[in-house]
Amino acid sequence: MEAIRWKDSTLYLLDQTRLPTIEDWLRYTDYRQVAKAIQTMVVRGAPAIGIAAAYAMVLAAQENVCKGNFPAAMSQAKAVLAASRPTAVNLFWALDRMENFWLSVGPDLPRLEEEARAIHLEDIQMNQAMGLAGAELVPHGARILTHCNAGALATGGYGTALGVIRAAHAQGKVSMVYADETRPLLQGARLTAYELVRDQIPVTLICDNMAGCLMAQGKIDLVVVGCDRMAANGDFANKIGTYSLAVLAKHHGIPFYTALPSSTIDRSIPNGSCIPVEQRGGEEVTGLAGVPTAPLGVETWNPAFDVTPHQLLTAAITERGVLRPPFVESLSYSSGR
Ligand code: MRU
């Protein structure tokens, strides 16, 4: 399964706002439209946002290669893309990598395209590597809880948290995956359940407020989630609700893991308090699929992410293996930002 394609110098994105009922591929030739697709979550998930932005920089180069002042036009494109969503560091990592590349090779379209493709391909390879590393942590007969969607749709392919689950399932270790529906935008119900059902991995969909009860009944062996940005000390941002799960897991003595590629590590910030958390519109809270579920005019609070302190994290699963506390030391290898 994939959500991003590059063909004939054109970007195609699977519209994730319409899944699981409609599979619609949208075509992009203008980087400004890609910035809009990131903002409106046609494409979402930290690594996928970075990959889409890398291809968008190729679109910007195509538009400006024959015009004067290529550097200024590329800087403008980078700024527009960087303003699309603030939390996932992969966006800024990919934009910096593309910028460094064109600064060194100049307006060389085939090579820029090759670099964006490399970012895409490397992401899939990192996911497969972290899948194998993470599967080692999964006991036989495991009942696993996950939140949001950290799957093929959120990445170049295969997935981070779902990559671990896919690898463990291939080894015959997974007895059940519990997928939180993940309000307000239902990435767990619409995307994670969709991926797992398609791959015939056993999945049970639950409402977010059922996780604690499942844990209390002894029905969860481990939790694995994705990550949007990890600070140098191991604090990390992920979909809103992740922090509550981490607290619940700690209380019940259940291992709590995040899976992330090195492009999600931001060692330029010392801890989670420095992570910019995106605030989204109240209409996501006051309605479901466009249908109002709350009284008109009610106040809302809608942070798209929360920050889980490293003290609640059992280990971080990366393409280089499983990192354990103290994370300041185990993360120091990283080539992230
Ligand atoms: O708002 P979203 O859907 O982009 O949030 C996605 C998540 O929080 C994922 O868990 C995270 O990006 C990791 S994806 C491999």
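Remember, it's a predicted structure, so these values are computed and weren't measured experimentally. (Residues numbered from 1 in each chain as written. Predicted model: local features only at pLDDT ≥ 70, side-chain atom pairs only at ≥ 80, totals over all residues. Heavy atoms only, no water.)

How should the overall build of the protein chain be read in this particular structure?
For the protein chain, the count of helices and strands is 11 helices and 16 strands. Over its C-alpha trace the protein chain gives a radius of gyration of 19 Å, about what one expects of a compact globule, namely 20 Å for 337 residues. In terms of overall dimensions, the protein chain has a C-alpha envelope of 65 × 50 × 40 Å along the principal axes. Charge-centre separation for the protein chain: the mean point of 28 positive side chains lies 1 Å from the mean point of 32 negative side chains. (Helix = DSSP H or I, 4+ residues; strand = E, 2+ residues; numbered from the N terminus. Rg over C-alpha atoms; globule rule 2.2 N^0.38 Å. Lys, Arg positive; Asp, Glu negative; His and termini not counted. Charge placed at Lys NZ, Arg CZ, Asp CG, Glu CD.)

What exactly am I supposed to notice about the packing of helix 2 (residues 46–64) against helix 4 (residues 89–105) here?
What describes two packed helices is the angle between their axes and the distance between those same axes. Their axes nearest at 7 Å, the elements helix 2 and helix 4 cross at an angle of 30°. One element, helix 2, and the other, helix 4, form an angle in the roughly parallel class. Handedness of the helix 2/helix 4 crossing: right-handed. For the pair helix 2 and helix 4, the contacting residues are A46, P47, I49, G50, A53, A54, M57 and V58 in the first and N90, L91, A94, L95, M98 and W102 in the second. Among the residues forming the contact of helix 2 with helix 4, the class breakdown is 12 nonpolar, two polar and no charged. (Axes fitted to C-alpha atoms, helices over the stretch in contact; angles between N-to-C directions. Parallel < 35°, antiparallel > 145°, perpendicular 65-115°, else oblique. Left-handed = near helix turned anticlockwise from the far one by under 90°. Contact = heavy atoms within 4.5 Å. Nonpolar A, V, L, I, M, F, W, Y, C, P; charged D, E, K, R; others polar.)

Which parts of the structure should I look at to understand the sheet that holds strand 7 (residues 222–225)?
Whenever strands of a sheet pair, they do so through backbone hydrogen bonds, lying parallel or antiparallel. Reading across from one edge, 6-5-4-7-10-15-16 is the order of the seven strands in this open sheet, with mixed pairing throughout. What marks the edges here is a single partner per strand, and that holds for strand 6 (203–206) and strand 16 (321–323). Averaged over all neighbouring strand pairs, the angle between strand axes comes to 25°, with direction disregarded. Running over the sheet, helix 5 (residues 109–135) touches strand 10 (256–259), strand 15 (315–318) and strand 16 and is turned about 140° from strand 15. (Pairing = 2+ DSSP bridges.)

Can you walk me through the packing of aromatic side chains in this structure?
To describe a pair of aromatic rings, one takes the distance between the centres and the angle between the planes. Per the stated rule, a full pass over the model turns up two aromatic pairs. An angle of 85° between the planes, with centres 5.5 Å apart, marks the rings of F70 and W102 as edge-to-face. Taken together, the positions of F70 in helix 3 (residues 70–82) and W102 in helix 4 put the pair 32 residues apart, joining distant regions of the chain. With respect to class, F70 is no different from W102; both count as buried. (Phe/Tyr/Trp six-rings, centres within 6.5 Å; stacked < 30°, edge-to-face > 60°. Buried < 20%, exposed > 50% of the residue type's maximum accessible area, 1.4 Å probe, protein only.)

Looking at this structure, how should I read the side chain of T87?
Secondary-structure assignment places T87 in the loop between helix 3 and helix 4. Only 3.0 Å separates the side chain of T87 from the backbone nitrogen of E278, close enough to count as a polar contact. Not counting residues within four places of it along the chain, the set of residues in contact with T87 comprises D228, R229, A237, I275, P276, V277, E278 and F305. (Polar contact = N/O pair within 3.5 Å; in protein donor to acceptor, adjacent residues only side chain to side chain.)

Mind showing me how you'd approach the site of the ligand here?
Taken together, 19 residues surround the ligand, and among them A46, R85, D228, N238 and K239 come closest. A distance of 2.9 Å separates an oxygen atom of the ligand from a polar atom in the side chain of R85. A distance of 2.6 Å separates an oxygen atom of the ligand from a polar atom in the side chain of N238. Protein contacts shield 100% of the accessible area of the ligand, which totals 410 Å² for the unbound molecule. Among the detected pockets, the ligand sits in the largest cavity. Residue composition of the shell around the ligand, by class: eight nonpolar, seven polar and four charged. (Near = heavy atom within 4 Å. Areas by Shrake-Rupley, 256 points an atom, 1.4 Å probe, with all protein chains shown as cover. 1 Å grid on protein atoms, 1.4 Å probe; cavity = no way out; pocket = protein on both sides within 12 Å on 5 of 7 lines; lining within 4 Å. Sits in = over half its atoms within 2 Å of the grid points.)

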